[in-house]
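Residue strings, one per chain:
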Amino acid sequence: MSKHILITGGAGFVGSHLADELLAKGYQVRVLDNLTPQVHGPDARRPDYLDPEIELIIGDVRDPDILRQALKGIDAVYHLAANVGVGQSMYEIAQYTSVNNMGTAVLLEALVEQPVERLIVASSMSLYGEGLYLTPDGDQTVVDQRSLYQLKTRDWEIHNAAGEVLTPIPTPESKTPALPSIYALSKFDQEQMCLTIGRAYGIRTVALRFFNIFGTRQALSNPYTGVLAIFASRLLNNQPPLINEDGYQQRDFVSVYDVAQACRLALEVPEAAGHVFNVGSGRHYTIREIAERMAQVLGKEWIQPEITAKYRMGDIRHCFADITQARQVLGYEPQVTLSEGLIELAAWLEGQVSLDRVAEARSELATRGLTV
Ligand code: NAD
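I will try to describe carefully the structure that is included in this document. All figures in this text were calculated on a predicted structure; none of them were measured in a lab.

The number of helices and strands found in the protein chain is 12 helices and 17 strands. In terms of C-alpha radius of gyration, the protein chain reaches 20 Å, essentially the compact-globule figure of 21 Å for 372 residues. In terms of overall dimensions, the protein chain has a C-alpha envelope of 60 × 45 × 40 Å along the principal axes. Looking at the protein chain residue by residue over its 372 residues, the buried ones come to 55%. Within the protein chain, contacts between residues separated by at least 24 positions form 83% of all contacts whose residues are at least 6 apart in sequence.

Taken together, 30 residues form the shell around the ligand, and within it Val14, Asp33, His40, Tyr183 and Lys187 come nearest. The separation between an oxygen atom of the ligand and a polar main-chain atom of Phe13 is 2.9 Å. A total of 820 Å² of accessible area belongs to the ligand in isolation, and the protein chains cover 95% of it. For the shell around the ligand, the element with the highest residue contribution is strand S5 (residues 118-124), accounting for three residues.

Glancing now at the sheet that holds strand S6 (residues 132-134). Ordered by their spatial adjacency, three strands build an open sheet running S7-S6-S8, and the pairing between neighbours is antiparallel. Two strands bound the open sheet, and with one partner strand each, they are strand S7 (140-141) and strand S8 (167-169). Two strands pair when backbone bridges link them, and S6 and S8 are joined in this way by three bridges, in the antiparallel orientation. Residue pairing for S8: Leu132 is matched across the bridge by Ile169.

Ranked by internal contacts, the top residues of the largest apolar core, which has 48 residues, are Ile7, Leu22, Tyr78, Leu208, Phe210 and Tyr332. Broken down by element, this core gets its largest block of residues, seven residues, from helix H8 (residues 256-268). Discounting residues that sit within four places of it in the chain, Leu208 has contacts with Ile120, Val121, Ala122, Ser123, Ser124, Ala262, Cys263, Ala266, Phe277 and Val279. Formed by 24 residues, the second largest nonpolar core is a distinct cluster that contains Leu108, Val116, Leu195 and Ile203.

Criteria and thresholds
- Per chain, residue numbering runs from 1 following the sequence as it is written.
- For a predicted model such as this one, the threshold for reporting local features is a pLDDT of at least 70, and the threshold for listing and counting side-chain atom pairs is 80 or more; totals across whole chains, interfaces and linings nevertheless cover every residue.
- Values shown for side chains rest on all heavy atoms present in the structure; no hydrogens or waters enter the calculation.
- Counting from the N terminus, the helices are DSSP H or I runs at least four residues long and the strands are E runs at least two residues long.
- Put simply, the radius of gyration uses C-alpha atoms, and a globule should come to 2.2 Å times the residue count raised to 0.38.
- Here's how the labels work: a residue is buried when its accessible area is under 20% of the maximum for its type, exposed when over 50%, partly exposed in between, all with a 1.4 Å probe on protein chains only.
- Residues count as neighbours in contact if any of their non-hydrogen atoms are within 4.5 Å of one another.
- Being near a molecule or strand, for a residue, comes down to having at least one heavy atom within 4 Å of it.
- We call two N or O atoms a polar contact when they sit within 3.5 Å, provided that within protein one can donate a hydrogen and the other can accept it, with sequence-adjacent residues counted only if both atoms are side-chain atoms.
- Residue-level accessible areas treat just the shown protein chains as cover; the underlying method is Shrake-Rupley with a 1.4 Å probe.
- One bridge is not enough; two strands pair if DSSP finds at least two bridges between them.
- Buried Ala, Val, Leu, Ile, Met, Phe, Trp, Tyr and Cys residues that are joined via side-chain atoms within 4.5 Å together make up what is termed a nonpolar core.

Shown next, in the form of structure tokens:
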């Protein structure tokens, strides 16, 4: 008998790819999603990309009655439903706390009543704040957020007390979270709530800290999501990508197919239970390079990114994944290179109508004093 899996937020970008991965491996998939307008548009229709074999329950993860119905006959749950904008979380504080923290609380109460074999929760690299660094002497060090004074002088890199620039290195799960935004705080809460309740009630639980995910189906008209989708949406409207700071900040971009693979392994590998794993590509790129490569792939090399020298409150300088744990315990191995991923993304983008709401989103942050 094939296992029945529930994915909360499964109509979204990551959840729908995960659903495809699970269907391909013979699982039965049910999705609970409220089709949030910021992601799915005002009509809240079932997305065309959602496989017809997926059972979709349209409802809110904070509704205990809907959850009771959604959990009937389910063997394992992926909890992906969340509001996902770092910048937006800094002013829609009640909304983010309600959906992310309270949503998880309501789900966990439902799981106490109707337990499952396994719970996998989507967490985020954003909880680390700054990644790990090396001092000039070669010692690992955890650094503070850059001060407002430093940022106002447009001095972007991380220094030690002697003014020497520190070198970023891959960040392992053991790095102490710095929680620089309401979103980061909510993701940390989500993973720790799930692990705590999982341990207490014998629900084998795994938390996956996703790095910057890219791929098809990412909501392009949602200005609060991934940087690649935002750049693509600007370029498609013949506008330059807008880059904060100087563009030399580094991130780990991981294909959504690799994330789906990691999610499936977290369900299938017995030793994963009770642990937290970074899910990244294990490679890192500057934001400038990402903008340039996206322009090339879309055939818009003539559009140079615009370096704004602005700072967005809550942003960090460098963070990229150490994926040793996921490799060793889950047997996870990233398969998709950035070039392959961007080519597929470009082909998908050809068919997309994207509304460029980036300027609007930036001014919402600026009017609240959340950029300097
Ligand atoms: P997404 O916005 O595409 O998907 C989230 C889905 O959750 C949407 O379909 C939305 O309608 C649904 N949703 C929102 N509020 C809900 C509610 N109250 N009840 C039911 N459904 C609700 O985002 P995504 O990029 O697919 O992210 C999936 C998960 O991965 C999230 O938990 C996010 O925090 C995490 N994550 C994503 C990234 C990334 O780069 N995309 C990185 C780190 C972590």
